[in-house]
Amino acid sequence: MDQPVTAKPSEKLDSFTILLHFGLMIFAVLAWLTGDWAGDYKKISHLGFTVHKMLGIGTALFLAARLFHGFCGPEQARFSNWVPYTRDRLRMVLEDMRGLVSLKLPERGVHQGLEGLWESFGLAVFTWMAATGIVMFLFLIPGQKAHGAVRLVKELHEWGEWLVPIFLAGHVGAVILHALAGDHRWRTVFFLKEN
Ligand code: HEM
Ligand code: HEM
């Protein structure tokens, strides 16, 4: 039988990653919550669209900084530590999934195993939302219905109605389960000491 893959030592997140995560946490959740309201973009008066657009652009800026940090930042923030999903990394994910079935929470270093895979999914979802949002920011004319290519992009953007809550449910659910099991790393993303 396969030997379990050992977890990477628990590296700490650097303070710039924590700052960017805080920005994402605030802007991305507010952008998601105001998404429906942005449906008023076709009306002459479109406060919901204006508010959502600002929050969306804020999210896109924090996200762009996180992506840049993932390529050019310090060692522990780099995506090369978690992607691509090579055989060994996939084995960690599978081990974590098997563990969950037997009600055992994964204990990994940051970005490793199932948690890391889910975090990659989150970054991909928000990149999708930011990219489609920026196209609308540039080309959608408020006060009238969207047509043609802009309408198609708007429909692709609407996937966020499902993708964002699916990501948040898994991500925040994992944080809550870890906290209930005595792992209080949630405190670090609010600039508090872990213990
Ligand atoms: C990453 C940031 C963003 C997130 C997480 C986000 C999320 C969402 C969500 C969840 C919806 C609701 C979709 C639905 O109810 O079907 C929505 C709608 C919308 N968003 Fe965004 N959005 C972001 C950025 C932007 C930006 C920058 C713009 C620029 C204009 C924008 C424009 C719109 C418009 C016009 C709608 C209404 C679509 C409709 O109801 O027909 N979004 N957004
Ligand atoms: C209510 C909202 C959120 C809470 C409570 C939360 C909490 C956390 C916690 C506790 C960690 C682990 C930190 C560690 O391992 O030391 C984390 C990591 C992470 N979260 Fe969130 N998070 C939230 C929203 C988001 C959003 C909206 C995104 C969007 C992509 C996101 C993406 C990530 C990523 C990528 C990481 C890994 C750290 C990094 O490299 O940036 N989180 N989060």
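Residues numbered from 1 in each chain as written. Chains lettered and ligands numbered in written order. Predicted model: local features only at pLDDT ≥ 70, side-chain atom pairs only at ≥ 80, totals over all residues.

Identification of the protein chain as Cytochrome b/b6 domain-containing protein from Desulfobacca acetoxidans is taken from an unreviewed UniProt entry. Recorded under Subcellular location (unreviewed entry), the UniProt text for the protein chain is reproduced unchanged: "Cell membrane". (UniProt positions renumbered as here; feature names shortened; annotations may be inferred.)

The subject of this paragraph is the site of ligand 1. Surrounding ligand 1, one finds 29 residues, the nearest of these being Gly35, Ala38, Gly39, Gly56 and Gly133. Among the secondary structure elements, those contributing two or more residues to the shell around ligand 1 are helix H1 (15-33), helix H2 (47-72), helix H4 (113-139), helix H5 (148-157) and helix H6 (160-180). Here the residues of the shell around ligand 1 sort into 16 nonpolar, eight polar and five charged. (Near = placed C-beta within 6 Å. Helix = DSSP H or I, 4+ residues; strand = E, 2+ residues; numbered from the N terminus. Nonpolar A, V, L, I, M, F, W, Y, C, P; charged D, E, K, R; others polar.)

It is characteristic of soluble globular proteins that their nonpolar side chains tend to be buried jointly. By size, the foremost hydrophobic cluster in this structure holds 15 residues, and its most contacted members are Leu24, Phe27, Ala28 and Leu63. Going through the elements one at a time, H1, H2, H4 and H6 are the ones with two or more residues in this core. It is H1 that contributes the most residues to this core, six residues altogether. If near-sequence neighbours (up to four positions away) are discounted, Phe27 is found in contact with Leu55, Gly58, Thr59 and Phe62. If you look at the next biggest cluster of nonpolar residues, it comprises five residues, including Ala38, Phe49, Met136 and Leu140. (Core = buried A, V, L, I, M, F, W, Y, C linked by C-beta atoms within 7 Å. Buried ≥ 20, exposed ≤ 12 C-beta atoms within 10 Å, placed from the backbone. Contact = placed C-beta atoms within 7 Å.)

The subject of this paragraph is the UniProt feature "domain: Cytochrome b561 bacterial/Ni-hydrogenase" (unreviewed entry) in the protein chain. Residues annotated by UniProt as "domain: Cytochrome b561 bacterial/Ni-hydrogenase" (unreviewed entry) correspond here to residues 14-187. Secondary structure within residues 14-187 divides into 68% helix and 0% strand; the distance between the first and last C-alpha atoms comes to 14 Å.

Our focus in this paragraph is the site of ligand 2. Around ligand 2, the structure places 21 residues, and the nearest of them are Ala28, Glu119, Gly122, Arg185 and Trp186. Within the residue set of the shell around ligand 2, elements represented by two or more residues are H1, H4 and H6. The dominant element in the shell around ligand 2, judged by the number of residues it contributes, is H1, at six residues. Considering only residue class, the shell around ligand 2 consists of 12 nonpolar, six polar and three charged.

In this chain, Val83 is followed by Pro84 through a cis amide linkage whose omega measures 0°. With respect to the element layout, Pro84 can be found in the loop between H2 and helix H3 (87-101). The backbone of His111 shows a phi angle near 70°, a positive value even though the residue is not glycine. Relative to the assigned elements, His111 resides in the loop between H3 and H4. The exposure class assigned to His111 is buried, which follows from the 22 C-beta atoms found within 10 Å.

So, about the packing of H4 against H6. Contact pair H4 / H6: the axes reach a minimum separation of 10 Å and the direction vectors enclose 150°. One element, H4, and the other, H6, form an angle in the roughly antiparallel class. Note on packing geometry: the crossing formed by H4 with H6 is left-handed. Note on element contacts: H6 touches H4 through Gly160, Leu163, Val164, Phe167, Gly170, His171 and Ala174, opposite Glu115, Trp118, Phe121, Gly122, Val125 and Met129. Of the residues in the contact of H4 with H6, the class split is eight nonpolar, four polar and one charged. (Axes fitted to C-alpha atoms, helices over the stretch in contact; angles between N-to-C directions. Parallel < 35°, antiparallel > 145°, perpendicular 65-115°, else oblique. Left-handed = near helix turned anticlockwise from the far one by under 90°.)

Averaged over every residue, the pLDDT of the protein chain is 93; residues scoring 70 or more account for 94%. Across residues 1-10, confidence stays below pLDDT 50; counting only partners more than four residues off in sequence or on other chains, it has 15 contacts. (pLDDT = per-residue confidence, 0-100.)

The next subject is the environment of Tyr85. Mapping Tyr85 onto the fold places it in the loop between H2 and H3. The spacing of Tyr85 and Leu117 is 32 residues in sequence and 8.5 Å in space, taken between C-alpha atoms.

With that settled, the discussion passes to the UniProt feature "transmembrane region" (unreviewed entry) in the protein chain. Those places that UniProt annotates as "transmembrane region" (unreviewed entry) correspond, in this numbering, to residues 16-35, 47-68, 121-141 and 162-181. Secondary structure over residues 121-141 splits into 90% helix and 0% strand, and the C-alpha atoms at its two ends are 31 Å apart. Along residues 162-181 the backbone is 95% helical and 0% strand, and the end-to-end C-alpha distance reaches 29 Å.

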